[in-house]
Amino acid sequence: MNLIQQLDHHFRIAIRHRDLGNNSGAMCFTCCKWTPAHALQVGHFVGRTHNKLRWDFVNCHLQCNHCNVVRHGNLDAYEKALDAKYGNGTAEMLKLESRFTFKMTKPEKQELLLKLKERNKQNKRLIDLL
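Residues numbered from 1 in each chain as written. Predicted model: local features only at pLDDT ≥ 70, side-chain atom pairs only at ≥ 80, totals over all residues. Heavy atoms only, no water.

Enquirer: Explain the environment of A37 to me, using residue names and the numbers behind them.
Expert: Along the chain, A37 falls in the loop between β2 (34-36) and β3 (40-44). Placed 18 residues apart in sequence, A37 and D19 show a C-alpha to C-alpha distance of 9.9 Å. In contact with A37, not counting residues within four places along its chain, are R16, L20, N23, S24 and G25. (Helix = DSSP H or I, 4+ residues; strand = E, 2+ residues; numbered from the N terminus. Contact = heavy atoms within 4.5 Å.)

Enquirer: Pulling in residues and values, what's your account of the packing of helix α4 (residues 75-86) against helix α5 (residues 90-97)?
Expert: When two helices pack together, their arrangement is captured by the angle between the axes and the distance separating the axes. Interhelical geometry of α4 versus α5 gives an angle of 115° and a closest axis separation of 7 Å. In terms of their interaxial angle, α4 and α5 are classed as roughly perpendicular. Contacts between α4 and α5 involve E79, L82, D83 and Y86 from the former and T90, A91, L94 and K95 from the latter. (Axes fitted to C-alpha atoms, helices over the stretch in contact; angles between N-to-C directions. Parallel < 35°, antiparallel > 145°, perpendicular 65-115°, else oblique.)

Enquirer: Can you break down the packing of aromatic side chains residue by residue, with the values?
Expert: Taken as a whole and judged by the stated rule, the model has three aromatic pairs. Arranged with centres 5.5 Å apart and planes meeting at 50°, the rings of F45 and Y78 form a pair that is tilted. Residue F45 is located in the loop between β3 and α2 (51-54), and its partner Y78 is located in helix α4; the two are separated by 33 residues in the primary sequence. The pair F45 / Y78 is uniform in exposure class, with both members buried. Cluster of aromatic residues (ring-pair linked, three or more members): F29, F45 and Y78. (Phe/Tyr/Trp six-rings, centres within 6.5 Å; stacked < 30°, edge-to-face > 60°. Buried < 20%, exposed > 50% of the residue type's maximum accessible area, 1.4 Å probe, protein only.)

Structure, rendered in structure tokens:
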């Protein structure tokens, strides 16, 4: 697994920990339909091609397959959900940030990977205590 694949893997785990916790499912961030854990996907408001936001916790939430794949992110609902959760203008701020070119260096990616691994280790400990 290369560095990008490792980052994606550990980021997915971190998002699942955040949005699922110890539950067997969760509400889709965009359509609010309860979905079993195994059927939820990490959806990005601003696409993964924008490296500045690819591993951003505000930009990513669990979505059902229908919203994430069939409806291509269900972006109108995603925008409303972001603003409802984080405050008005959040979606617009993410759109603005996506317009700037950003290239992470290899050391920055390695540092992020270490932080994600540590976060996931701590989350696992918390879930094991429940």
